Amino acid sequence: QVQLVESGGGWVETGGSLRVSCVVSGGTLSGYALAWFRQAPGKEREYVAGFSRTGGYTYYGDSVKGRFIITRDNGKKTVYLQMNSLKPEDAAVYYCAASRTVITSELRNHRAYNNWGQGTQVTVSS
């Protein structure tokens, strides 16, 4: 099991940018699928972006494609989510997640991840 700690959330105006970070401890990033999910009040947890378990592929949710970029620094054991052209509908708690067992077809399913951070709030004003 690894521990995940998110940071970098905050308030931003519509059209602005924000970067959130997820520091992983208790293990290396190797072999883990790493992902960002988000959850707004009253809504299902939504897949935002993620890496395959090999780290060689990145995936994005349809609502953020072309605006958000996921990156990682293996040496710092940190995963980043750069969020650009933010919209009010992007406002949510953003969670980092990791799994060593998730299969490719389940990467977008939050139930397939067993390691979660506490979340960081992103607020976008209209």
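All values reported here derive from a predicted model rather than from experimental measurement.

Cut-offs used in this document
- Residues numbered from 1 in each chain as written.
- Predicted model: local features only at pLDDT ≥ 70, side-chain atom pairs only at ≥ 80, totals over all residues.
- Heavy atoms only, no water.
- Core = buried A, V, L, I, M, F, W, Y, C linked by side-chain atoms within 4.5 Å.
- Buried < 20%, exposed > 50% of the residue type's maximum accessible area, 1.4 Å probe, protein only.
- Helix = DSSP H or I, 4+ residues; strand = E, 2+ residues; numbered from the N terminus.
- Contact = heavy atoms within 4.5 Å.
- Phe/Tyr/Trp six-rings, centres within 6.5 Å; stacked < 30°, edge-to-face > 60°.
- Lys NZ or Arg CZ within 6 Å of the ring centre and 35° of its normal.

S.K.: Would you mind going over the nonpolar core with me for this structure?
M.R.: Nonpolar side chains tend to gather and get buried jointly when the protein is soluble and globular. Counting residues in each nonpolar core, the largest one holds 29 residues, and the members touching the most others are Trp36, Val48, Phe68, Ile70, Leu81, Met83 and Tyr94. Elements with a minimum of two residues in this core: β3 (18-25), β4 (33-39), β5 (46-51), β7 (68-73), β8 (78-83), β9 (92-99) and β11 (120-125). Those residues in contact with Met83 that lie beyond four places of it in its chain are Gly16, Ser17, Leu18, Val20, Arg67, Phe68, Tyr94 and Val122. Core analysis: the next-biggest nonpolar cluster, separate from the first, contains eight residues, Ala33, Phe37, Ala97 and Val102 among them.

S.K.: I'm lost on the packing of aromatic side chains in this one. Help?
M.R.: In this description, a pair of aromatic rings is defined by centroid distance and the angle of the planes. With the rule as written, the count across this model stands at five aromatic pairs. The interplanar angle of 75° and the centroid separation of 5.2 Å between the aromatic rings of Phe37 and Tyr113 together place this pair among those described as edge-to-face. Taken together, the residues span a long stretch of sequence, with Phe37 in strand β4 and Tyr113 in the loop between β9 and β10 (115-116) at a distance of 76 residues. For the pair shown, Phe37 and Tyr113 are each scored as buried. With a centroid separation of 6.3 Å and 80° between ring planes, the pair formed by Tyr95 and Trp116 is classed as edge-to-face. Placement of the pair is Tyr95 in strand β9 and Trp116 in strand β10, with a sequence separation of 21 residues. The exposure class of Tyr95 is buried, given its relative accessible area of 15%. Take Trp116: its relative accessible area is 27%, and that puts it in the partly exposed class. Here a set of aromatic residues connected by ring pairs shows up, and it is made of Phe37, Tyr47, Tyr95, Tyr113 and Trp116. Above the ring of Tyr95, the side-chain terminus of Arg45 is found at 3.9 Å from the ring centroid. When the ring centre of Phe51 is taken as reference, the NZ or CZ atom of Arg72 above it lies at 4.9 Å.

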